[in-house]
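So the chains spell out like this:
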Amino acid sequence: MRCPYCENIDTKVVDSRPTDEGKAIRRRRLCEECGKRFTTYEKLEENIIMVIKKNGQRESFDRNKILNGIVKACEKRPVPMATIEGIVDNIERGLNNMMEKEVESTFIGELIMDELKKVDDVAYVRFASVYREFKDADTFIKELEKLLKRDAK
Ligand SMILES: [Zn+2]
C-alpha cells in the first residue's frame, strides 16, 4: 500500500483489527520513509450474481435454492450432507471466480449435473430429469444409456 504522503510503497502494518462485525479489517500503517501513519480498510468484495432464468427474468443467486435442489435429488441416497455442501461451495466459488455479473440458470444447472455425476448416478438422473424437463421416457432412457456407457468404460 502506497503512502498517501510521500508515495513511498514500503509501508508497514502496525495494527490491524476487524471491524464491521468481522466483515472488514482496519489496518494502521506506518510509512517507513516519512514516518507518517495512515489507515486502510480491507473489505470482502460482495459479488452479487444475477441468474437469468429461462424466461429471461433475473433473480439474485440463491445458494439455498441450489442446496435444496441437490438435497432433493440425493434423497435416500448414500450422499453425505458434507458432500452436498461441498458441491454447492464449488459452484458458488466457480461463479464468483468467473467475475460475471449475470449467468444463465441453465449454466448453473449444467454445473450441478456435472458435480452430481461424479457423486451419485441416481441423484444425477433425478436432478437431470427435473432440470431438463424430460418430456418423455425416451429422453430419460437416453440419459440413462449415456450413464451406463460411461460406466462400462
Ligand atoms: Zn510516506
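Residues numbered from 1 in each chain as written. Predicted model: local features only at pLDDT ≥ 70, side-chain atom pairs only at ≥ 80, totals over all residues. Heavy atoms only, no water.

Quick look at the coordination of the zinc ion
Each pair of donors in an ideal four-coordinate tetrahedral metal site encloses 109.5 degrees, whereas pairs in an ideal six-coordinate octahedral site enclose 90 or 180 degrees. At 2.2 to 2.4 Å from the zinc ion lie its protein donor atoms, namely Cys3 (SG), Cys6 (SG), Cys31 (SG) and Cys34 (SG). Geometry at the zinc ion is tetrahedral, judged from its 4 donor atoms and the angles of 104 to 118 degrees they form at the metal. Between the donor residues of the zinc ion, the gaps in sequence give the motif C-x2-C-x24-C-x2-C. For Cys3, a relative accessible area of 1% translates into the label buried. (Donors = N, O, S within 2.8 Å, 3.2 Å for Na, K, Ca; no water. Tetrahedral: all angles 85-135°; square planar, octahedral: opposite > 155°, others 65-115°. Buried < 20%, exposed > 50% of the residue type's maximum accessible area, 1.4 Å probe, protein only.)

So, the pattern of salt bridges
With the rule as written, the count across this model stands at 10 salt bridges. With its nearest N and O atoms 3.0 Å apart, the salt bridge here joins Glu85 to Arg63. Taken as a pair, Glu85 in helix α2 (residues 81-98) and Arg63 in helix α1 (residues 63-73) lie far apart in primary sequence, 22 residues in all. Here Glu85 falls in the partly exposed class, since its relative accessible area comes to 31%. For Arg63, a relative accessible area of 22% puts it in the partly exposed group. Of the charged contacts, one joins Arg63 and Glu92 as a salt bridge, the two residues approaching to 2.7 Å between their closest N and O atoms. Here Arg63, found in helix α1, pairs with Glu92, found in helix α2; they are 29 residues apart in sequence, far enough to count as distant. Here the salt bridges do not stand alone but share partners, grouping Arg63, Glu85, Asp89 and Glu92 into one network. (Salt bridge = Lys/Arg side-chain N within 4 Å of Asp/Glu carboxyl O. Helix = DSSP H or I, 4+ residues; strand = E, 2+ residues; numbered from the N terminus.)

Comments concerning the packing of α1 against helix α3 (residues 105-119)
Taken N-terminus to C-terminus, the directions of α1 and α3 make an angle of 40 degrees; their axes are 12 Å apart at the nearest point. Taken together, α1 and α3 sit at an angle that is classed as oblique. When you trace α1 past α3, the crossing you get is right-handed. Residues Ile66, Ile70 and Ala73 of α1 form the contact with α3, whose participating residues are Ile108, Ile112 and Leu116. (Axes fitted to C-alpha atoms, helices over the stretch in contact; angles between N-to-C directions. Parallel < 35°, antiparallel > 145°, perpendicular 65-115°, else oblique. Left-handed = near helix turned anticlockwise from the far one by under 90°. Contact = heavy atoms within 4.5 Å.)

Here's the deal with the sheet that holds strand β2 (residues 24-31)
On the basis of which strands lie adjacent, the open sheet formed by 3 strands has the order β1-β2-β3 and antiparallel pairing. Edge strands, defined here as strands with exactly one partner in the open sheet, are β1 (11-19) and β3 (37-43). Across this sheet, the average inter-strand angle for adjacent strands is 25 degrees, counted without regard to direction. (Pairing = 2+ DSSP bridges.)

Let's talk about the side chain of Thr40
Checked against the element boundaries, Thr40 lands in strand β3. Residue Thr40 is classed as buried on the basis of its relative accessible area, which comes to 11%. Among the polar contacts listed, one links the side chain of Thr40 to the side chain of Arg29, at a separation of 3.1 Å. Setting aside anything within four residues of it in sequence, one finds Thr40 in contact with Met1, Ile25, Arg26, Arg27 and Arg29. (Polar contact = N/O pair within 3.5 Å; in protein donor to acceptor, adjacent residues only side chain to side chain.)

Any functional reading would require information beyond the geometric quantities listed.
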